[in-house]
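Residues per chain, in single letters:
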Amino acid sequence: MRIEAVELRTVRLPLVTPFRTSQHSQDERVALLVCAHTTVGEGWADCAVDPGPLYEPEFLSGARAVMAEYLVPMLMAVPELTAARVQSVLAPVKGHQLAKAALETAVLDAELRAKQMSFAQYLGAVRDRVPAGVSVGIPGSLAELIDLVEGYLEQGYRRVKLKIEPGWDLEPIRAVRERFGPGLALQADANTAYTLAGAPQLRALDPFGLLFQEQPLAADDLLGHAELARLLTTPLCLDESITSVRAAATALRLGACSVINIKPARVGGYLAARAIHDLCAAQGIPVWCGGMLETGVGRAANLALAALENFTLPGDVSATARYFAEDITRAFVLEDGYIAVPTGPGTGVDILRDVLGRLTIRHEILR
């Protein structure tokens, strides 16, 4: 195929409730959507950047600029482009994984739609539905936390992840465990909020039977995570540290984790995500699929990835209603704790054009 134009749309989706982590709080999702218009049809992707560089180094206006000035012209210069070639074509540009991932995904969506093949088929999915977990932000009180968790469990979620930070860790974990009992699949996510000096506080969480603790230390502190792993009985999971196949391999070799959260956008796309899945499967390391407040476009592709064999833990691919009252695709619905994997061509979802038009706050076409 050849790319004839790339459409960039910035959309604003209000969140149903504010979402706070140890890093920042947000009450809306300002998303950057990418549509690749190719000689075989169009393909869509969700670029998982935030408006500012508060969670990832990349941010929305920067992603738009690097696509317009470098990445899109480089791809347009290739007369016979495939999704498998995107990363090598863009390799001269350093970094910008989220922007590259979005372009690769848009090209892959177009390619698969032309072949009448789904993401699930292409990636090698073995399930037609995936168990759904839910991520609970930091609320204003323990009482509010208990109410939130109770509501999510009533909806059928099969795993609960609590966001923690220094000063909000032991008490919320204890309160939820005592209220809902040992049968609740529970994990804690610090989003890099601690240093190794906080190991005693993190060790205090060991008695509560967590599935694992996720990313307590800085993203680049693999040696610190390896040391912390030796101090805890709770398994360690890495998220922000996993930026590529090479980073995943290094983390495993150092013993910095025994579980990996794969976020396709952060590692450069779904092809790299599948490679990390295969690497971990070969070493007996379980993986799960994290979320980055994607719209339905990104949620659909994540569901296909989470249906691969070694995704043995419930991920953060929650139902649409967990975050949005209105999305740019049809809503994904929780049924008995599971969400169905799309089976249509490409991502398997269609854009609701009227909703897209109403939610768009910026639109540009690169030719």
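Residues numbered from 1 in each chain as written. Predicted model: local features only at pLDDT ≥ 70, side-chain atom pairs only at ≥ 80, totals over all residues. Heavy atoms only, no water.

## Some thoughts on the sheet that holds strand β3 (residues 41–47)
Part 1: Taken in spatial order, the four strands make up an open sheet running β3-β2-β1-β13, and their pairing is antiparallel. Two strands lie at the open edges of the sheet, namely β3 and β13 (360–366), each paired on one side alone. Averaged over all neighbouring strand pairs, the angle between strand axes comes to 20°, with direction disregarded.
Part 2: Pairing of strand β1 (residues 3–20) with strand β2 (residues 25–38) involves 13 bridges; the strand directions are antiparallel. Each residue of the ladder has a partner; that of A5, found in β2, is H37.
Part 3: Sitting on the sheet, helix α3 (residues 97–115) touches β1, β2 and β3, and the angle it makes with β3 is about 150°. (Pairing = 2+ DSSP bridges. Helix = DSSP H or I, 4+ residues; strand = E, 2+ residues; numbered from the N terminus. Axes fitted to C-alpha atoms, helices over the stretch in contact; angles between N-to-C directions. Contact = heavy atoms within 4.5 Å.)

## Focus on helix α6 (residues 170–180)
Part 1: Within α6, burial applies to L170, P172, I173, A175, V176, R177 and F180.
Part 2: Buried positions along α6 lie against α5 (142–155), β6 (160–163), β7 (186–189) and α7 (199–203).
Part 3: After α6 finishes, the residue G181 shows a positive phi value of roughly 85°. (Buried < 20%, exposed > 50% of the residue type's maximum accessible area, 1.4 Å probe, protein only.)

## Things to note about the packing of aromatic side chains
Part 1: The tally for this structure, following the rule as stated, stands at four aromatic pairs.
Part 2: Judged by centre distance (5.8 Å) and plane angle (85°), the ring pair of F119 and Y270 falls under edge-to-face. Linking F119 in helix α4 (residues 119–123) with Y270 in helix α11 (residues 270–282), this pair joins segments that are 151 residues apart in sequence. For the pair shown, F119 and Y270 are each scored as buried.
Part 3: The interplanar angle of 55° and the centroid separation of 6.4 Å between the aromatic rings of Y323 and F324 together place this pair among those described as tilted. (Phe/Tyr/Trp six-rings, centres within 6.5 Å; stacked < 30°, edge-to-face > 60°.)

## Here we look at the pairing of β2
Part 1: For β2, a buried count of 10 out of 14 residues is recorded, marking the element as mostly surrounded by other parts of the structure.
Part 2: As judged from the seven bridges shared by β2 and β3, these two strands associate in the antiparallel manner. Bridge pairing in β3 links T38 to G41.
Part 3: Counted along the chain from β2 to the antiparallel partner β3, the turn is two residues long.

## Observations regarding the sheet that holds strand β5 (residues 134–136)
Part 1: If you trace the seven strands from one edge of the open sheet to the other, you get β5-β6-β7-β8-β9-β10-β11, paired in parallel fashion. With partners counted over all chains shown, the strands left at the sheet margins are β5 and β11 (287–289), one partner each.
Part 2: Pairing of β6 with β7 involves four bridges; the strand directions are parallel. Along β7, the bridge assignment pairs V160 with L186.

## Considerations on helix α2 (residues 83–90)
Part 1: Within α2, burial applies to A83, V86, V89 and L90. Across the axial projection of α2, the buried residues extend over an arc of 90°, all falling on one side. Opposite the buried face of α2, at more than 90 degrees from it, the exposed residues are A84 and S88.
Part 2: Buried-residue contacts for α2 involve α1 (60–76), α3 and α11. (Arc of directions from axis to C-beta.)

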